[in-house]
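Spelled out from the first residue to the last, the chains are:
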Amino acid sequence: MQIHVLAAVFAGGALGTLLRVGLNTLFIEASFPYATMTANVTGSFLLGAVTALALTKNIPLWLKAGAGAGFCGGFTTMATLALDTVVTSGLHGGAVLLYLGGSAVGGIAAAAAGFFLCYRRGGKSV
Amino acid sequence: MMILLLALAGGAGALLRYVLGIVLSGWTKDAAIPAPMLIVNTAGSYGLGLFCGLYLQMVPVIQPEDPVYLIAGVGFFGAFTTFSTFSVETFQLLRQKSWMPALWYSTLTIIGAVLGFLLGYASAAF
């Protein structure tokens, strides 16, 4: 573990967190957790892209870790998804299913889209 | 000031997740599912539940803009846990046609996060 890799993860995590908080303030009056879902799906798309780029291009570890584990990891969250699930289930059962299903299916599909988009561009056949 | 504290909390959460991920991946090499982030996400959701339970003993309600909740809950536990890695790891399992591990991993992650949160919340009463 090199110090500049750890510093990149810290900086990426800080930036991702600030963006996620900023997104939260846009949806502060919403009764459905749109903000977390948006962050989780778009962050999954970005990490899929980062994963493909790391496989096809010579990306230094600090950049890969800073963008992936740092930024995408800090921008997306599982703890808030758990909290949202518990809070939303108290309001509306159907909304919980939509939230969990939408986050999981949307996140995995977004990760696949980001991955294949950059994997192809990296010159690899899928 | 608030932005600085949020950045520090998010950076620290991401850094701790990254280091724990490396340590845990050494311990769980032979697992059929990607165990490190499953463990981190469950632990982080437990932590957020515990925090919310304990904090609610001090304040009547937690407002979304409450600074203590923002820094500890949204900042630290939000960044310590991650959703993008979950999406990409599930996608990788699906891409390798590891259907059952993908199903187990995604199901255990969601259940672990929600139950972890509830358990943390309940254990604040003791």
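All values reported here derive from a predicted model rather than from experimental measurement.

Caption draft 1: Region of interest: the overall build of chain A. Along its length, chain A carries 5 helices and 0 strands. For chain A, the sequential pattern of α-helices and β-strands runs α-α-α-α-α. For chain A, the C-alpha atoms occupy an extent of roughly 50 × 35 × 25 Å along the three principal directions. Across chain A, contacts joining residues at least 24 apart in sequence account for 76% of those joining residues at least 6 apart.

Caption draft 2: Focus on a nonpolar patch on the surface. A cluster of nonpolar side chains, contributed by Met1(B), Leu4(B), Leu5(B) and Leu8(B), occupies part of the molecular surface with about 420 Å² of accessible area. On the basis of relative accessible area, Leu5(B) is assigned to the partly exposed category, the value being 31%.

Caption draft 3: Fine view of unusual backbone geometry. Residues and elements named next belong to chain B. Positive phi outside glycine occurs at Lys97, with the angle close to 60°. Within the fold, Lys97 resides in the loop between helix H4 (84–95) and helix H5 (99–123). Lys97 sits in the exposed class, given a relative accessible area of 59%.

Caption draft 4: The packing of helix H2 (residues 34–56) of chain A against H4(B), seen in detail. Closest axis-to-axis distance for the H2(A)/H4(B) pair is 8 Å, and the angle between their directions is 55°. Relative to H4(B), the element H2(A) is oriented oblique. Relative to H4(B), the crossing made by H2(A) is right-handed. Mapping the contact onto sequence places Gly43(A), Ser44(A), Leu47(A), Gly48(A) and Thr51(A) in H2(A) and Ser84(B), Thr85(B), Ser87(B), Val88(B) and Gln92(B) in H4(B). Residue composition of the contact of H2(A) with H4(B), by class: 2 nonpolar, 8 polar and no charged.

Caption draft 5: Highlighting the nonpolar core. Within the largest apolar cluster, 36 residues are counted, with the highest numbers of intra-cluster contacts made by Leu81(A), Leu48(B), Phe51(B), Cys52(B) and Tyr105(B). Elements represented by at least two residues in this core include exactly helix H4 (79–89) and helix H5 (93–121) of chain A together with helix H1 (2–27), helix H2 (35–55), helix H3 (67–80), H4 and H5 of chain B. The leading source of residues in this core is H2(B), at 7 residues. Apart from residues no more than four positions distant in its own chain, Phe51(B) is found in contact with Val68(B), Tyr69(B), Ala72(B), Gly73(B) and Phe77(B). In this structure, Ala52(A), Phe71(A), Cys72(A) and Ala112(A) belong to the second largest nonpolar core, which totals 14 residues.

Caption draft 6: Highlighting the interface of chain A and chain B. At the junction of the two partners, chain A supplies 46 residues and chain B supplies 46 residues. Counting each side, the surface lost to burial between chain A and chain B is near 3,500 Å², with a carbon and sulfur contribution of 80%. It is Phe10(A), Met78(A) and Ile108(A) in chain A that bury the most area against chain B; as a group they hold 19% of the surface buried on that side. Between the two partners, chain A and chain B, sit 0 salt bridges. Looking at the side of chain A that touches chain B, the elements with two or more residues in it are helix H1 (3–26), H2, helix H3 (61–75), H4 and H5 of chain A. In terms of residues, the side of chain A that touches chain B owes the most to one element, H1(A), which gives 11 residues. Tallied by class, the residues present in the side of chain A that touches chain B amount to 28 nonpolar, 17 polar and 1 charged.

Cut-offs and rules
- Residues numbered from 1 in each chain as written.
- Chains lettered and ligands numbered in written order.
- Predicted model: local features only at pLDDT ≥ 70, side-chain atom pairs only at ≥ 80, totals over all residues.
- Heavy atoms only, no water.
- Helix = DSSP H or I, 4+ residues; strand = E, 2+ residues; numbered from the N terminus.
- Contact = heavy atoms within 4.5 Å.
- Patch = residues over 30% accessible without salt bridge, like charges linked within 9 Å, V, L, I, M, F, W, Y side chains within 5 Å.
- Areas by Shrake-Rupley, 256 points an atom, 1.4 Å probe, with all protein chains shown as cover.
- Salt bridge = Lys/Arg side-chain N within 4 Å of Asp/Glu carboxyl O.
- Buried < 20%, exposed > 50% of the residue type's maximum accessible area, 1.4 Å probe, protein only.
- Axes fitted to C-alpha atoms, helices over the stretch in contact; angles between N-to-C directions.
- Parallel < 35°, antiparallel > 145°, perpendicular 65-115°, else oblique.
- Left-handed = near helix turned anticlockwise from the far one by under 90°.
- Nonpolar A, V, L, I, M, F, W, Y, C, P; charged D, E, K, R; others polar.
- Core = buried A, V, L, I, M, F, W, Y, C linked by side-chain atoms within 4.5 Å.
- Buried area = accessible area lost by both parts, 1.4 Å probe.

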